[in-house]
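# Results of the structural survey
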Amino acid sequence: GAVVSQHPSWVICKSGTSVKIECRSLDFQATTMFWYRQFPKQSLMLMATSNEGSKATYEQGVEKDKFLINHASLTLSTLTVTSAHPEDSSFYICSASGRGRDTQYFGPGTRLTVL
Amino acid sequence: QKEVEQDPGPLSVPEGAIVSLNCTYSNSAFQYFMWYRQYSRKGPELLMYTYSSGNKEDGRFTAQVDKSSKYISLFIRDSQPSDSATYLCAMSARSGGSNYKLTFGKGTLLTVNP
């Protein structure tokens, strides 16, 4: 199989605080991890791509200073939403691809609510 | 014209029906085609992965790719209420490596009624 986990599954925070979301590949080495954002009844919107040991590549319109991505190992990537605001409330999903895996495998998602 | 077009539905069918889901695309560089199933408030789950034109069957699911028409399909036989979900088509020009990305359709919401 190809299992990707995310933690936490949901988080509520106050406006102005920072939130960290973890994405782990449990049974394969993820050379590339992706972070998506999804609004209700909409498709996935790619935010950034990260390769292990390299800086993330952000999609146009995504603030790299607000959404900090770290991919320090072949099994872990983190997304930190800094100084969160209510408009950052969304469903964040990571995916991973890597050695022996021809496509992306998704985590279960993290629901962020900023009050 | 969007790179990938997918009818968002919603599509409602009775249990046991054959379901046909489709996507069209414009980028002839796409070689790898996927179908993901996404339940509400969950991450997408890979259902089918195909390379180039042809058919692939897995249980009740059949994926078809027609590169000459730039058209892909997913068929679900003997549909069950548990198949109720959003189905996303996705495609890419590469199978992996750096800068590898998927292009998604908007997703089709399917409801299978008991």
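Keep in mind the model is a prediction, meaning the values are calculated, not measured.

### A short note on the sheet that holds strand β6 (residues 54-58) of chain B
All names here are of chain B. On the basis of which strands lie adjacent, the open sheet formed by five strands has the order β1-β3-β8-β7-β6 and antiparallel pairing. Two strands bound the open sheet, and with one partner strand each, they are β1 (4-6) and β6. Direction aside, neighbouring strands of the sheet carry axes that sit 15° apart on average. Pairing geometry for strand β7 (residues 61-66) and strand β8 (residues 71-76), over six bridges, is antiparallel. Directly across from Gln 64, in β8, lies its bridge partner Ser 73.

### Observations regarding the sheet that holds strand β8 (residues 76-81) of chain A
Residues and elements named next belong to chain A. Strands sit in the order β1-β3-β8-β7 across an open sheet of four strands; the sheet is antiparallel. Bordering the open sheet on either side are β1 (4-7) and β7 (67-73), each of which pairs with just one other strand. Sheet twist, expressed as the average angle between the axes of neighbouring strands with direction ignored, equals 15°. Of the pairings in the sheet, the one linking β7 to β8 comprises five bridges and is antiparallel in character. Its bridge partner being in β8, Phe 67 is matched across the sheet by Val 81.

### Brief notes about the interface of chain A and chain B
At the junction of the two partners, chain A supplies 22 residues and chain B supplies 19 residues. Taken as a group, Asp 102, Thr 103 and Phe 106 of chain A account for 29% of the area that chain A buries against chain B, more than any other trio of residues on that side. On the surface where chain A and chain B come into contact, there are one salt bridge. Lys 101 of chain B is the partner of Glu 59 of chain A in a salt bridge, and the nearest nitrogen-oxygen pair spans 2.7 Å. The set of elements that each furnish at least two residues to the side of chain A that touches chain B consists of β4 (32-38), β5 (45-51), β9 (90-98) and β10 (101-106) of chain A. Among the residues making up the side of chain A that touches chain B, the classes are represented as nine nonpolar, nine polar and four charged.

### Notes on unusual backbone geometry
Where the residue is not glycine, phi is negative for most of them; where a peptide bond is considered, it is trans in most cases. Residue Pro 8 of chain A follows His 7 of chain A across a cis peptide bond; omega there is 0°. Positionally, Pro 8 of chain A belongs in the loop between β1 and β2 (10-13). The omega torsion of the bond from Gly 9 of chain B to Pro 10 of chain B falls at 10°, within 30 degrees of zero and hence cis. Take Pro 10 of chain B: it is sitting in the loop between β1 and β2 (11-14). In this model, Arg 41 of chain B sits at a positive phi of 65°, which is unusual for a non-glycine residue. Even without being glycine, Ser 52 of chain B reaches a positive phi, approximately 60°. On the accessibility criterion, Ser 52 of chain B (22% relative accessible area) is partly exposed.

Analysis parameters
- Residues numbered from 1 in each chain as written.
- Chains lettered and ligands numbered in written order.
- Predicted model: local features only at pLDDT ≥ 70, side-chain atom pairs only at ≥ 80, totals over all residues.
- Heavy atoms only, no water.
- Pairing = 2+ DSSP bridges.
- Helix = DSSP H or I, 4+ residues; strand = E, 2+ residues; numbered from the N terminus.
- Axes fitted to C-alpha atoms, helices over the stretch in contact; angles between N-to-C directions.
- Contact = heavy atoms within 4.5 Å.
- Buried area = accessible area lost by both parts, 1.4 Å probe.
- Salt bridge = Lys/Arg side-chain N within 4 Å of Asp/Glu carboxyl O.
- Nonpolar A, V, L, I, M, F, W, Y, C, P; charged D, E, K, R; others polar.
- Buried < 20%, exposed > 50% of the residue type's maximum accessible area, 1.4 Å probe, protein only.

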